[in-house]
Amino acid sequence: MQLVWFKRDLRIHDHPALNAAAARGSVLPLYIVEPSLVHAPDFAARHWTFIRGCLHELRTTLTRLGQPLVVRVGEAVDVLDQLTREWPIEAIWAHEETGNLLSYARDRAVRRWARMRGIPFYELPQNGVVRRLSSRDEWHVHWEERMSATPARPPSVLPTLAIDPGAIPTAQDLSLPPDTLTEHQPPGETAALKLLDDFLYRRSRHYHRALSSPLTAWEGCSRLSAYLTWGALSIRTVVQKTRQRIAELNANAAPEERSWLRALAAFESRLHWRCHFIQKLEDEPEIEIRNLVRAYDGMREEHHRPDLIVAWAAGRTGYPFVDACMRALTATGWLNFRMRAMLVSFVAYDLWQHWREPALILARRWIDYEPGIHYCQMQMQAGTSGNRTIRIYNPIKQSIDHDPEGTFIRRWVPELANIPTAYIHTPWLLDRSSQERAGCRIGRDYPAPIVDHDLAYRRARAAIAAVRARPETAQEAAAVHQRHGSRRWQATRRRTSGAVTDRQLRLDL
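Residues numbered from 1 in each chain as written. Predicted model: local features only at pLDDT ≥ 70, side-chain atom pairs only at ≥ 80, totals over all residues. Heavy atoms only, no water.

1. Some details on unusual backbone geometry
In most cases, non-glycine residues show a negative phi, while peptide bonds are predominantly trans. The phi torsion at Asp 14 lies on the positive side, around 50°, for a residue other than glycine. Backbone geometry at Arg 223 places phi at a positive 65°, although glycine is not the residue there. With respect to the secondary-structure elements, Arg 223 resides in the loop between α9 (214-220) and α10 (225-230). The exposure class of Arg 223 is buried, given its relative accessible area of 11%. (Helix = DSSP H or I, 4+ residues; strand = E, 2+ residues; numbered from the N terminus. Buried < 20%, exposed > 50% of the residue type's maximum accessible area, 1.4 Å probe, protein only.)

2. Observations concerning the sheet that holds strand β4 (residues 91-95)
Taken together, the five strands give an open sheet; going across it, the order is β3-β2-β1-β4-β5, and neighbouring strands pair in parallel fashion. Because the sheet does not close on itself, it has two edges, and the strands there are β3 (70-73) and β5 (121-124). Neighbour-to-neighbour, the strand axes of the sheet open up by a mean angle of 30°, direction not taken into account. Where strand β1 (residues 2-6) lies against strand β2 (residues 27-33), five bridges are found, and the strand directions are parallel. Looking across to β2, one finds that Val 4 is bridged to Pro 29. Set on the sheet, helix α3 (residues 45-65) makes contact with β1, β2 and β3; between it and β2 the angle comes to about 165°. (Pairing = 2+ DSSP bridges. Axes fitted to C-alpha atoms, helices over the stretch in contact; angles between N-to-C directions. Contact = heavy atoms within 4.5 Å.)

3. Topic: the packing of aromatic side chains
If you walk through the whole model with that rule in mind, you get 13 aromatic pairs. Centroid distance Trp 218 to Trp 334: 5.0 Å. Interplanar angle 80°. Geometry classified as edge-to-face. One end of the pair, Trp 218, is in helix α9; the other, Trp 334, is in the loop between α14 (320-332) and α15 (337-350), with 116 residues separating them in the sequence. The rings of Trp 218, Phe 321, Trp 334 and Phe 408 are connected pair by pair, giving a single aromatic cluster. (Phe/Tyr/Trp six-rings, centres within 6.5 Å; stacked < 30°, edge-to-face > 60°.)

4. Things to note about the nonpolar core
Ranked by size, the top nonpolar core spans 73 residues in total, and within it Trp 312, Cys 325, Leu 343, Tyr 349, Leu 362 and Leu 416 carry the most contacts. In this structure, Tyr 349 is in contact with Arg 300, Gln 381, Ala 382, Gly 383, Ile 390, Arg 391, Ile 392, Ala 456, Arg 459, Ala 460 and Ile 464, ignoring residues within four places of it in sequence. Val 38, Ala 192, Ala 217 and Leu 264 belong to the second-largest nonpolar core, a separate cluster that totals 69 residues. (Core = buried A, V, L, I, M, F, W, Y, C linked by side-chain atoms within 4.5 Å.)

5. Describing the packing of helix α13 (residues 306-314) against helix α16 (residues 356-365)
Relative orientation of the contacting elements α13 and α16 amounts to 20°, with a least axis distance of 11 Å. It follows from the interaxial angle that α13 and α16 lie roughly parallel. The handedness of the crossing between α13 and α16 is right-handed. Where α13 approaches α16, its residues Ile 309, Trp 312 and Ala 313 are matched on the opposing element by Glu 357, Pro 358, Ile 361, Leu 362 and Arg 365. Taken together, the residues of the contact of α13 with α16 sort by class into six nonpolar, no polar and two charged. (Parallel < 35°, antiparallel > 145°, perpendicular 65-115°, else oblique. Left-handed = near helix turned anticlockwise from the far one by under 90°. Nonpolar A, V, L, I, M, F, W, Y, C, P; charged D, E, K, R; others polar.)

6. Quick word on the pattern of salt bridges
Side chains that differ in charge, positive against negative, can pair when their charged atoms come close. Counted by the stated rule, this structure contains 32 salt bridges. For Glu 219, the salt bridge identified is with Arg 202, shortest N-O distance 3.1 Å. Taken together, the residues Glu 219 in helix α9 and Arg 202 in the loop between α7 (189-201) and α8 (207-210) connect sequence positions 17 residues apart. Assessed through its relative accessible area of 43%, Glu 219 is described here as partly exposed. Across the salt bridge formed by Arg 316 and Glu 415, the nearest N and O atoms sit 3.7 Å from each other. Taken together, the residues span a long stretch of sequence, with Arg 316 in the loop between α13 and α14 and Glu 415 in the loop between α19 (407-412) and α20 (432-438) at a distance of 99 residues. The exposure class of Arg 316 is partly exposed, given its relative accessible area of 35%. (Salt bridge = Lys/Arg side-chain N within 4 Å of Asp/Glu carboxyl O.)

7. Observations concerning the environment of Gly 128
Inspection of the secondary structure assignment puts Gly 128 in the loop between β5 and α6 (139-148). C-alpha of Gly 128 to C-alpha of Arg 24: the two residues are 104 residues apart in sequence and 26 Å apart in space.

8. Points about the confidence of the model for the protein chain
On average, residues of the protein chain score 94 in pLDDT, and 96% of them are at 70 or above. A low-confidence stretch, residues 489-506 stays under pLDDT 50, and its non-local contacts, those more than four residues away or across chains, total 36 contacts. (pLDDT = per-residue confidence, 0-100.)

9. Some thoughts on the state of the cysteines
Inspection of every chain in the model, using the stated rule, returns zero disulfides. The thiol of Cys 325 is unpaired, and the distance to the nearest cysteine sulfur, on Cys 221, comes to 13 Å. On the basis of relative accessible area, Cys 325 is assigned to the buried category, the value being 0%. With no disulfide of its own, Cys 440 lies 18 Å from the sulfur of Cys 325, the closest cysteine sulfur. A relative accessible area of 1% means that Cys 440 is categorised as buried. (Disulfide = S-S within 2.5 Å.)

10. What to know about the pairing of β1
Summarising burial for β1: five of the five residues are buried, a large majority. Residues Gln 2, Val 4 and Phe 6 of β1 are buried on one face, and the alternating residues Leu 3 and Trp 5, pointing to the opposite face, are buried as well. As for the winding sense of the linkage, the β-α-β connection from β1 through helix α1 (residues 16-22) to β2 is right-handed. Pairing between β1 and β4: three bridges, direction parallel. In the sheet register, Leu 3 faces β4, and the bridge partner there is Ile 92. (Right-handed = clockwise from strand over helix to strand, strands pointing away.)

Structure below.
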């Protein structure tokens with residue numbers, strides 16, 4: 001009997017662990033609800049809502065094959081120890097996972113336990129992240145090999161076992177606070193595959209133009225990130241289907257459709273970057289809790305202002321576009337990448353707060369919270385990763401560029417609904433009598449700016465420059481780049497008629 005431990009891989013298609021186990025005997029498919037993880041500071045009820053929906057579909061799918069998904073609540077070692085005492089488990093199969101420090105410690109504990117019990121524990125790769133990577137120089141080769149490999153086929157049948165499947169607990173069962181989402185993405189592998197096809201054959205046509213503005217990104221981005229995060233869809237499936245669509249367009253696209261190729265090339269490049277950032281956390285798990293370049297330690301810590309972080313998290317900074325983005329995220333669990341970067345820029349530079357506490361707040365709000373991407377991007381946007389470019393977003397310029405008429409602002413910050421368009425980005429500049437006529441008194445109905453961006457910008461640039469001027473900063477940054485920096489990615493064949501020159505490393509999916 002083979003035990004398949006499902007974690008962030010809640011699907012049956014292209015599931016190498018399930019495929020390998022089913023080829024060797026009966027399969028006990030298991031999901032463990034781990035209290036230490038669901039009550040961690042980076043987890044929220046909205047995550048569990050999505051996971052639980054994926055689990056219900058996975059159980060239904062596995063039941064059709066013959067053996068329902070088994071669900072147990074408890075810490076992993078305890079649950080596995082109990083099951084292996086009750087059942088003749090020959091081996092345990094799972095996928096490699098690049099999670100947070102808690103899941104990293106959990107996996108190490110499981111490996112130690114398996115060695116002590118003499119039970120083989122096989123962890124197979126399921127994406128482009130390479131465990132125990134010795135050098136970044138050839139990483140792109142490994143990525144391409146994995147993305148080009150034949151996807152693992154699901155088993156056609158699973159022998160039925162006389163085991164109680166167990167209940168899939170609710171958030172209330174787990175003592176999680178209520179899920180506050182007002183909009184939900186449908187969970188599960190079926191929804192993921194349907195969404196992928198809809199993107200590739202309809203919505204992706206203007207992806208490269210639609211991804212920057214929240215007005216167009218909700219429809220123009222693939223919205224696949226949550227399914228990739230929790231494994232309802234494999235990244236290899238997305239890469240191969242994207243390449244198949246590119247090949248179709250290369251063969252049959254009308255002249256007016258040629259720009260579609262550029263859009264899909266931009267999308268495929270982000271799939272590559274996705275694994276690139278997760279690889280960083282795989283290589284250095286402490287990215288979750290400490291600055292990549294330690295020379296930046298102490299730069300912000302003494303300026304800690306809980307009141308500023310609370311205002312930022314509540315969407316009450318006095319900057320309409322920042323607040324609209326935060327409120328949209330709180331309600332939907334998603335935001336396009338440029339707006340994510342702006343939120344981090346605002347708390348890191350305008351408010352001059354350390355990235356760690358905001359990172360946990362955002363982790364609890366993203367449905368697609370992927371630790372490898374999340375913490376690397378938090379540090380990159382906060383300026384502590386050693387990158388040469390410091391990205392300080394001007395919230396007023398971003399607002400004018402990406403929501404010129406204030407449509408997005410008015411939806412998510414209804415206090416400003418009647419503010420004239422000329423002042424929607426800077427309502428504090430509107431005279432008092434006009435504010436009263438619009439039904440929004442700044443400082444009473446909507447806050448005045450809690451910080452002056454221009455002053456904050458100059459302060460942040462000066463502080464960053466002072467740290468960069470130290471010799472040890474350059475040395476550390478060079479070492480970080482040597483260990484984690486991307487190498488030039490040369491495609492093995494030209495798949496489109498145009499090159500992608502995106503330098504923002506935007507990860508919109």
